[in-house]
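Below are the chains, spelled out letter by letter.
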Amino acid sequence: MAARPPMTDDGEEPDAVAFGIAAVDEHLESIDWPATPSEITAATGDPEVPYEASGRTLALSEALDETGRAEFESRRDLLDALHPVFEEHRQSAGPGILSWLRNALPV
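Just so we're clear, the structure is a prediction, and the values are computed from it rather than from any experiment.

S.K.: Lay out helix 2 (residues 37-44) with the relevant residues and their values.
M.R.: Every buried residue belonging to helix 2 is among Pro37, Ile40, Thr41 and Thr44, and all of these are buried. Seen along its axis, helix 2 keeps its buried residues to an arc of 100 degrees; they face one direction. In helix 2, the exposed positions that point more than 90 degrees away from the buried face belong to Ser38 and Ala42. Just past helix 2, the residue Gly45 takes up positive phi, approximately 80 degrees.

S.K.: Lay out the environment of Trp33 in plain terms, naming residues and giving numbers.
M.R.: Looking at the secondary structure, you find Trp33 in the loop between helix 1 (21-25) and helix 2. Linking Trp33 and Leu78, residues 45 residues apart in sequence, is a C-alpha distance of 10.0 Å. Engagement of the side chain of Trp33 in a polar contact is seen with the backbone oxygen of Ile31, the distance being 3.5 Å.

Cut-offs applied
Residues numbered from 1 in each chain as written. Predicted model: local features only at pLDDT ≥ 70, side-chain atom pairs only at ≥ 80, totals over all residues. Heavy atoms only, no water. Buried < 20%, exposed > 50% of the residue type's maximum accessible area, 1.4 Å probe, protein only. Helix = DSSP H or I, 4+ residues; strand = E, 2+ residues; numbered from the N terminus. Arc of directions from axis to C-beta. Polar contact = N/O pair within 3.5 Å; in protein donor to acceptor, adjacent residues only side chain to side chain.

Keep in mind these values describe shape, not function.
This is the structure in structure tokens:
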């Protein structure tokens, strides 16, 4: 997933902010498949992965643990297993303070 951040003051359009499996995918270039969670963590450096556009994060090692899997056959297999983990965190986190403020202010 990715979200487009707001326009900057200089009028330039910023790059999209990757989160969830899109953010994980950026770290998977050097992995030989199949791979275990510990191999994936070692190869990626266990990054903090944003799971929503506001920037809340989850360590990749934690997300891998939450899949309950001992091995991933491919990049696609890993991303498919991680998607519900990040979605659950996103939904359980509730709206962030910025979302709350946007909703509270009149348009």
